[in-house]
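Secondary and tertiary structure notes
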Amino acid sequence: MSSGRSNVIILLGPPGAGKGTIASDLVDRYEMTTVSTGNILRSAMKRQTELGKKAKSYMDAGSLVPDEIVLELLVSHISQMDLSRNLILDGYPRNVAQARSLSTLLGKLGIPLGLVANVEVDDSELIERILSRRTCSKSDCQAVYNTRYSPTKQPGICDRCQSPLITRSDETEEVIQHRLRVYQEQTQPLLSHYKSTNLLRHYSHKDSSVIADLVAKDVEKINVEI
Ligand code: AMP
């Protein structure tokens, strides 16, 4: 998809909604770029950087990492990215304060927010989905699979880079329950925050590649409308 103009697409949705899978699908099939604050934080933690060490206890508990830490990591990551393609934000913003910081950042970069894509999944499905999720252990891959819905060709081995898969430390049932509460209390208010912008769309389908197609179609529409 090449429109000559790039937009930012925010992917919203509870943990387990499949945001990471949808984002990588959009990257693979629609030539978009993605940035996941969860991946950036896990990579900083693994490399034991100062910010990574500060983030660890929050992530292990399934709480939000303080806004200033996430923003600093995000800004430094984005400054090294090629921003000529549509950019998908997976996992940022997670609260209204972060939405305000993002708006300031995008203003400085001169990239418009084109779409806020909210992925909806029944609560009853989320926990089961997360418990069967496996993530590539390699920091610069972190591909996400699901033993039930999107298994790897070889069990326990990443299809992309052949590294071993792991269960993330924040994917125990207790931590997941906490992450769902954090989502409801801190992230869900973003829906009313973005409602007035007219950029908010809702997507609901069991197959994440169908959602990726619908999001891509909507992005295409924005580019035509501008
Ligand atoms: P995710 O990979 O998006 O599921 O995020 C995993 C964990 O990283 C979350 O439970 C938070 O602890 C942390 N995290 C990711 N993105 C953010 C963010 N935008 N703000 C605060 N914490 C975040």
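Residues numbered from 1 in each chain as written. Predicted model: local features only at pLDDT ≥ 70, side-chain atom pairs only at ≥ 80, totals over all residues. Heavy atoms only, no water.

A closer look at the sheet that holds strand β5 (residues 133-136)
Put simply, the rule reads: Only strands joined by at least two bridges in the DSSP assignment are considered to pair. The way it works is that DSSP assigns letters per residue, a run of H or I at least four long becomes a helix, a run of E at least two long becomes a strand, and they are numbered from the N terminus.
Taken together, the three strands give an open sheet; going across it, the order is β6-β5-β7, and neighbouring strands pair in antiparallel fashion. What marks the edges here is a single partner per strand, and that holds for β6 (144-146) and β7 (165-166). With two bridges joining them, β5 and β7 adopt antiparallel strand pairing. Considered in β7, the bridge of Cys 136 is made with Leu 165.

A short note on helix α6 (residues 123-131)
Stated precisely, the cut-off is as follows: Type-normalised accessible area, obtained with a 1.4 Å probe on protein chains alone, sets the label of each residue: buried when under 20%, exposed when over 50%, and partly exposed for intermediate values. Two residues qualify as a contact provided that any one of their heavy atoms is within 4.5 Å of a heavy atom in the partner residue.
Where α6 is concerned, the buried positions are Glu 125, Leu 126, Ile 127, Arg 129 and Ile 130. Summarising the contacts, the buried residues of α6 are in contact with β5, β6 and α7 (173-187).

What about the pattern of salt bridges?
Where we set the bar: A carboxyl oxygen of Asp or Glu within 4 Å of a side-chain nitrogen of Lys or Arg is what we treat as a salt bridge.
Under the counting rule described, the total for this entry stands at 14 salt bridges. A salt bridge links Asp 25 to Arg 29, with the shortest nitrogen-to-oxygen separation between them at 2.8 Å. Of this pair, Asp 25 and Arg 29 both sit in helix α1 (residues 19-30), four residues apart, roughly one helical turn. Assessed through its relative accessible area of 14%, Asp 25 is described here as buried. Arg 29 gets classed as partly exposed once you look at its relative accessible area, which sits at 40%.

Thoughts on unusual backbone geometry
The amide bond that connects Tyr 92 to the next residue, Pro 93, takes the cis arrangement and shows omega of 0°. Locating Pro 93 in the fold gives a position in the loop between β3 (87-90) and α5 (96-109). Phi is positive for Glu 31, close to 50°, though the residue is something other than glycine. Examined against the element boundaries, Glu 31 turns out to sit in the loop between α1 and β2 (33-36).

Section: the side chain of Thr 135
The residue Thr 135 is located in strand β5 in this model. If we skip the residues at most four places from it in the chain, Thr 135 touches Gln 142, Ala 143, Pro 164, Leu 165, Ile 166 and Arg 168.

What about the site of the ligand?
Which entries qualify depends on this criterion: Whether a residue is near a molecule or strand depends on its heavy atoms: it is near if one of them lies within 4 Å of it. Nitrogen and oxygen atoms within 3.5 Å of one another constitute a polar contact, given that in protein one can donate a hydrogen and the other can accept it, and given that sequence-neighbouring residues count only through two side-chain atoms. Accessibility throughout is a Shrake-Rupley quantity obtained with a 1.4 Å probe, and a residue counts as covered only by protein chains that appear here. Each residue receives one of three labels: charged for Asp, Glu, Lys and Arg, nonpolar for Ala, Val, Leu, Ile, Met, Phe, Trp, Tyr, Cys and Pro, and polar for the others, Gly being one of them.
Looking at the ligand, there are 16 residues lining it, with Thr 37, Arg 42, Ser 63, Gly 91 and Gln 98 nearest. Arg 42 is positioned with one of its side-chain polar atoms (N or O) 2.9 Å from an oxygen atom of the ligand. Between the ligand and the protein, one listed contact pairs an oxygen atom with a side-chain N or O atom of Arg 179 at 3.2 Å. Considering the ligand on its own, with 480 Å² of exposed area, one finds that the protein chains cover 95% of that surface. When residues of the shell around the ligand are assigned to their parent elements, the largest contribution, four residues, is made by helix α2 (residues 37-46). Classifying every residue of the shell around the ligand by side-chain character gives six nonpolar, five polar and five charged.

Some remarks on the pairing of strand β1 (residues 8-12)
For β1, the buried fraction is high: five of the five residues fall into the buried class. The alternating pattern of β1 places Val 8, Ile 10 and Leu 12 and Ile 9 and Leu 11 on opposite faces, both of which are buried. In this structure, β1 lies alongside strand β4 (residues 113-119), joined through five bridges in parallel fashion. Bridge assignment links Leu 12 to a residue of β4, and that residue is Asn 118.

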